[in-house]
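Per-entry structural report
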Amino acid sequence: MFSFTSSFRKRLLPVALGPVTILACFCWFLSTAGGWLLQPDYTTRPALFLSHQNKLRPFEPITFTATEELVSGKIQVQGVPGQTVRDHHRLIFHPDRLYPFADELQVKVEGWFRSGENFTEIYVLETADYSERMWVEAVEGERPQLVRVWRGEEVQAAFPASFGKAGSPTPGGVFYIKDRGREFWSEKYQEGAYYWVRFQGNYLFHSVPFDRNKVLKKSEEAKLGSPASHGCIRLSVKDAKWFYENVPDGTYVIIRKALPKPEAAKTFSTGRDKLVIAMATDVVKLDPHDTSDNPSAIVNMHLFDTLLELGEDGNLRPALALSVEPRKNAQEWVVKLRPGVFFQDGTPLTAEEVKASFQRLLDPTLKLARRGLFAEYLQKVVATGPFTLRFYLNQPLVILPFFLAHTSAAIVKPTADGGLVGTGPYILKKWEPGYELVLTKGHYHWRKEPYFEKLVFKTVPEASARSVLLETGTCDVAFPLSPLEVQRLAKKDGIKVLTEPSHRVIYIGMNLTKPLFRRPEVRQALNYAIDKKALISRLLGGLAEESTSPLAPTAVGYHRCASFPYDPQKARELLKSAGALGAKVTLWAPKGRYLQDHKVAEAVAGYLTEVGLAVELKLWEWSSYMSMLNRNSPQWDLFLLGWVPATGEAYMGLAPLFGAESRSNLTFYRNPQVEKILNEALKTEDPGERNALFAQVQELVTDFAPWIFLYVQDQTVGLAREINGVEVLPTEVLAFHRAWRNQ
Amino acid sequence: MVRKTLSKVLMTIPVLIGVSLLVFLLLRSLPGDPALIYLGPDATEAEVIQLRARMGLDNPLALQYLSFLGDLLRGNLGTSLRTGRPVLTELWARVNLTAQLATATVTISSLFGVFLGIFAAIKPRLTPVLLLLSTVGISTPVYWSGLLLILVFSVHLGWLPPAGGAGWRSLVLPVIALSAATFSALFRLTLNSYQEILHEDYMRTARAKGVSGLRLHGKHGLRNALVPISTFLALEFGNLLGGAVLTESVFSLNGIGRYLVTAIAQRDYPVVQGAVLLLCFLFVLINLIVDLVYILIDPRVRS
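Residues numbered from 1 in each chain as written. Chains lettered and ligands numbered in written order. Predicted model: local features only at pLDDT ≥ 70, side-chain atom pairs only at ≥ 80, totals over all residues. Heavy atoms only, no water.

**Thoughts on the overall build of chain B**
Looking only at helices and strands, chain B features 14 helices and 0 strands. Starting at the N terminus, the α and β elements of chain B follow one another as α-α-α-α-α-α-α-α-α-α-α-α-α-α. Summarising its shape, the C-alpha atoms of chain B cover approximately 85 × 55 × 30 Å along the three principal directions. Across the 303 residues of chain B, 46% fall into the buried class. Pairs at least 24 residues apart make up 72% of the contacts formed inside chain B by residues separated by at least 6 positions. For chain B, the computed accessible surface area is about 15,300 Å², with 71% contributed by carbon and sulfur atoms. Averaged over its 24 positive side-chain charges, chain B has a centre that lies 15 Å from the centre of its 15 negative ones. (Helix = DSSP H or I, 4+ residues; strand = E, 2+ residues; numbered from the N terminus. Buried < 20%, exposed > 50% of the residue type's maximum accessible area, 1.4 Å probe, protein only. Contact = heavy atoms within 4.5 Å. Areas by Shrake-Rupley, 256 points an atom, 1.4 Å probe, with all protein chains shown as cover. Lys, Arg positive; Asp, Glu negative; His and termini not counted. Charge placed at Lys NZ, Arg CZ, Asp CG, Glu CD.)

Given below as structure tokens:
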């Protein structure tokens, strides 16, 4: 082995490098110079035209013609699902449903030209009023084939019919009834028929054909409902007579093709149809304004969108809003919406809907759970144009964009039946609480249309059961994984384990109302006493990172501070100098809330005992624990807890924990300087300056050490190997918008 | 006999009221606040107060209990504090599954347990082997045997689904896991009581009369053994309804046991109250049925 590698290095490598270099140069040439040579002429930009002048008639296809070949494209019509067909220079929308009569429809067309330019345009088309008029619809490709006679929105009659067979198809399109007659004879086909009604040239509606002796052809009669004619539309004699007598000249006729349903086409490729996700707990509610649990956040983010959204890197990116800009020292904000976004019920998203959504969130009578997060700052939202809004705040708040990216600021629209509809790519299909929830792809997509037809969320509380589901291929995504499972699963074929940093900081707080912790030596000693590296590697399977600040490194505004190395000798000396050796302390910790929480607490108790404290460990069930950690009766000395800043940035990671009056400040840390800097930061628009202020706070807190800084938890997601594009956000939320299966 | 039955039915009412009061008070004496649990540890004070008001938790306890009782009389178990969905419909779907599980378990284990118990009593040569098997069955915790079954039949062989949701096929493994323990206990019970019965005078008389085989054991033996067996089965059925939590968790089944445990952890008061009341009611109902069965089996009870 060794001799081979060394001979490779000495002899083969120089030989191999030559062609590789040449190849690389050639590739570079192709990609740059070649691109320049082949670049299309941009002097005439490609354009797109709407091929309609008149008002849209029932079921009439909408056609756009381009001056250049199209490589992709899609037409979406407000309130009307349908399919877009692309042929070279044209995009044609075939509606699945009636257009509303005498109305205006927003039509959005988007796609790419061959030259690499993309387009997104919105048209408003008027629809014709057929509410009182008779019109005829014939759908080719249906089985049985039918001719429907409509009056307004109602089908008056439906007749089984035979259309043109292969080789002599019935022409499709939009026609008007011309003339009629009682019978005809065609020498060419040696056939005649009764009751003909002409819609185009030689194409007629007529009865089943008869022969030279006017005897109806029984064999042809049996074919009604399937293709048989030379292009005309055959009806039974009785139906043809009715048609002849009742459908007046000039009646609108639409002959359209039944398109293959996309669902039906996809039954062949099993990979696309669904993504199965196993989660530990059940979804609580499909209302982003009223939930704060993790599974609900995950599901809701596929149903609803926020104005801005958090990327995997922890930074914001535009979503429903194209821009969010501060005015008047960040006390007012101007929001520009993305035009051409539709709710999944087909109505367009405008400033009014966004305003109504925020009004719902802030409505004091609804008492929605997440109201408090916004009511504190947000005064009102005003629509200033069809796609622009202004947010008025109680105080300057430069971090408003982060609030707008929070899942609970999603834009929802109440429906008539009391539910909510969103602009997200999926809609709810089925929900069996406690077992599974199925989302299915909606009709309207402002992002790239998602790959998976369905998302199936299963509730599987046992970590081991989730791993088994993943191993047996019953699910594609399993999370969270326990550290024990991670190491086993990572070795398996066909499974990959994603380990991503999260915002979750795990710490042990000290109760500063107790005299013991007022001495800085004691606080420092506790930090030196813990071997965090050992905790992480032995108890958490390496799935965490040592804390270097009160914030997680993924949080925006994080600043790396000095950390406390493991030094039991020093800890003991510090305790001795403070006269605290042998002091009794109680350590509270939850059991079963965080990864290995009680084991970590036990280990910490062990370390503290080692340096000379008498530790009493008290483990709590999570629900009791949250009530017992009550600021009004602080009975604990030390407590273990985790924190995730809701907005993913420094302010919400610092102010609630170190603000003197905050409910979540369980250490009773109080520092006027910290509060002053935090308030200052809320007014500082420049991100650099703001982060410098947050850095100061982090330094001050770390220096004071009101916590034993432990670690930042990683999140682990198990995936089937062929699944790609799953986004693991630091807020412990998974996004499947861009997920796909590699087949 | 009708009066006896009727009085038993009427007795269930004070039992249910007593249980409801007990559950109500026990739940409220537990530390933990549903609003706080719903919102998580990063909730602000204002959020918690607002949600507590919406959940009706700021009313005095007596008022809360009375309104709960009032709803109950109207056949309404209230709505879940967390999901806002009606408790009754939520319970129904889950009780259904658990009842299937319990029924299948009781049926299978009683068939095998009784048959093999009698068999072992009559043919003592096989008894040690069966006793050993039943000892293993009783002493194997169901979560362990459940995981083992999943490992063998789902992961390695791929015959059966490892989790719920695949119709009857997903009930096979949990029923096997549950039956192992129930079967073993029943087997021992039948064996013991039948060994005694074999030495009873009436069996000897029957044999002396020339009765043998199926007629002897079916008519004379089994009938006498049925009293302790049906008592055991009734208790076991009740236990399975409420106590299959571990099995439901291991096999990811959406049963009532798991639902109840989650509701307790989340302090979802109406759900816990509803579930406990329902289970209590079922338990009482089963006992009632068993009492009636006694009358059928044992003519002495009739008089």
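Having seen the structure, we can now continue with the description.
**Section: the packing of aromatic side chains**
Residue and element names in this part refer to chain A. Counting across every chain of the model gives 41 aromatic pairs over all chains. Taken together, a centroid distance of 6.2 Å and an interplanar angle of 45 degrees make the contact between Y194 and Y195 tilted. Relative to Y625, the ring of W622 has its centre 6.2 Å away and its plane inclined at 50 degrees; by these criteria the two rings are tilted. In this pair, W622 and Y625 both sit in helix 16 (residues 622-628), 3 residues apart, roughly one turn of the helix. Residue class for W622 comes out buried when judged on its relative accessible area of 14%. On the accessibility criterion, Y625 (0% relative accessible area) is buried. Aromatic ring contacts, followed pair by pair, group Y507, W588, W620, W636, F639, F658, Y669, F704, W707 and F709 into a single cluster. Seen from the ring of Y392, K380 lies directly overhead, with NZ or CZ sitting 5.1 Å from the centre. For R593, the ring lying beneath its charged end belongs to W622, and the centroid distance is 5.0 Å. (Phe/Tyr/Trp six-rings, centres within 6.5 Å; stacked < 30°, edge-to-face > 60°. Lys NZ or Arg CZ within 6 Å of the ring centre and 35° of its normal.)

**Concerning the pairing of strand 12 (residues 180-186) of chain A**
All names here are of chain A. Two strands pair when backbone bridges link them, and strand 12 and strand 13 (residues 191-200) are joined in this way by 6 bridges, in the antiparallel orientation. For E183, the partnering residue across the bridge sits in strand 13 and is Y194. Taking the residues between adjacent antiparallel strands as the criterion, strand 12 and strand 13 are bridged by 4 residues, where Q190 takes a positive phi near 55 degrees. (Pairing = 2+ DSSP bridges.)

**Quick look at the nonpolar core**
Soluble globular proteins tend to pack their nonpolar side chains together in the buried interior. Residue and element names in this part refer to chain A. Counting residues in hydrophobic clusters, the biggest one holds 191 residues, and the most contacted among them are L307, F358, F391 and L710. Apart from the residues lying within four places of it in its own chain, the contact partners of F358 are L307, L378, V381, F391, L404, A409 and I411. Formed by 34 residues, the second largest nonpolar core is a distinct cluster that contains V477, A720, V728 and L729. (Core = buried A, V, L, I, M, F, W, Y, C linked by side-chain atoms within 4.5 Å.)

**What to know about a positive patch on the surface**
All names here are of chain B. The grouping of K209, R215, K219 and R223 at the surface amounts to a positive patch. Per-element accounting of the positive patch gives the leading share, 3 residues, to helix 10 (residues 213-243). Mapped onto the secondary structure, K209 falls in helix 9 (residues 201-209). The class of K209 is exposed, set by a relative accessible area of 62%. (Patch = residues over 30% accessible without salt bridge, like charges linked within 9 Å, V, L, I, M, F, W, Y side chains within 5 Å. Salt bridge = Lys/Arg side-chain N within 4 Å of Asp/Glu carboxyl O.)

**Quick word on the pattern of salt bridges**
All names here are of chain A. With the rule as written, the count across this model stands at 48 salt bridges over all chains. Between E110 and K108 there is a salt bridge, with its nearest N and O atoms 3.9 Å apart. Two residues, R390 and E332, come together in a salt bridge whose shortest N-O distance is 2.7 Å. Of this pair, R390 sits in strand 23 (residues 388-393) while E332 sits in strand 21 (residues 332-337), and the two are 58 residues apart along the sequence. Here the salt bridges share partners, and the residues they tie into one network are D305, E309, R317, R447, E727 and R738.

**A look at the sheet that holds strand 6 (residues 104-113) of chain A**
Residues and elements named next belong to chain A. Across the sheet, which stays open at both edges, the 3 strands sit in the order 3-6-7 with antiparallel pairing between neighbours. The strands lining the two open edges of the sheet, one partner per strand, are strand 3 (70-77) and strand 7 (118-126). With strand direction ignored, the average angle separating the axes of adjacent strands in the sheet is 20 degrees. Note that strand 6 and strand 7 share 9 bridges and pair antiparallel. Residue pairing across strands places V107 opposite Y123, the latter belonging to strand 7. (Axes fitted to C-alpha atoms, helices over the stretch in contact; angles between N-to-C directions.)

**As for the confidence of the model for chain B**
Chain-level pLDDT for chain B is 83 on average; 98% of the residues reach the 70-or-more range. Complex prediction metrics read pTM 0.70 and ipTM 0.81. (pLDDT = per-residue confidence, 0-100.)

**Here's the deal with the packing of helix 18 (residues 672-683) of chain A against helix 19 (residues 687-704) of chain A**
A packed helix pair is summarised by two numbers, namely the angle formed by the two axes and the spacing between the axes. Residue and element names in this part refer to chain A. Look at helix 18 against helix 19: their axes get within 9 Å of each other, and the N-to-C directions meet at 160 degrees. Relative to helix 19, helix 18 is oriented roughly antiparallel. With respect to the hand of their crossing, helix 18 and helix 19 are arranged in left-handed fashion. Across the interface between the two elements, Q673, V674, I677, L678, E680 and A681 of helix 18 pack against R690, L693, F694, Q696, V697 and L700 of helix 19. Looking at the contact of helix 18 with helix 19 residue by residue, the class counts come to 8 nonpolar, 2 polar and 2 charged. (Parallel < 35°, antiparallel > 145°, perpendicular 65-115°, else oblique. Left-handed = near helix turned anticlockwise from the far one by under 90°. Nonpolar A, V, L, I, M, F, W, Y, C, P; charged D, E, K, R; others polar.)

**Examining unusual backbone geometry**
A cis amide bond links A:F479 to the next residue, A:P480, at an omega of -10 degrees. Assignment of secondary structure puts A:P480 in the loop between strand 29 (477-478) and helix 11 (483-490). At A:Q596, a residue that is not glycine, the phi angle is positive and equals roughly 55 degrees. Of note, A:Q596 is situated in the loop between strand 32 (584-591) and helix 15 (597-610). With a phi angle near 50 degrees, B:S252 is a residue other than glycine that sits in the positive phi range. Classification of B:S252 as buried rests on a relative accessible area of 3%.

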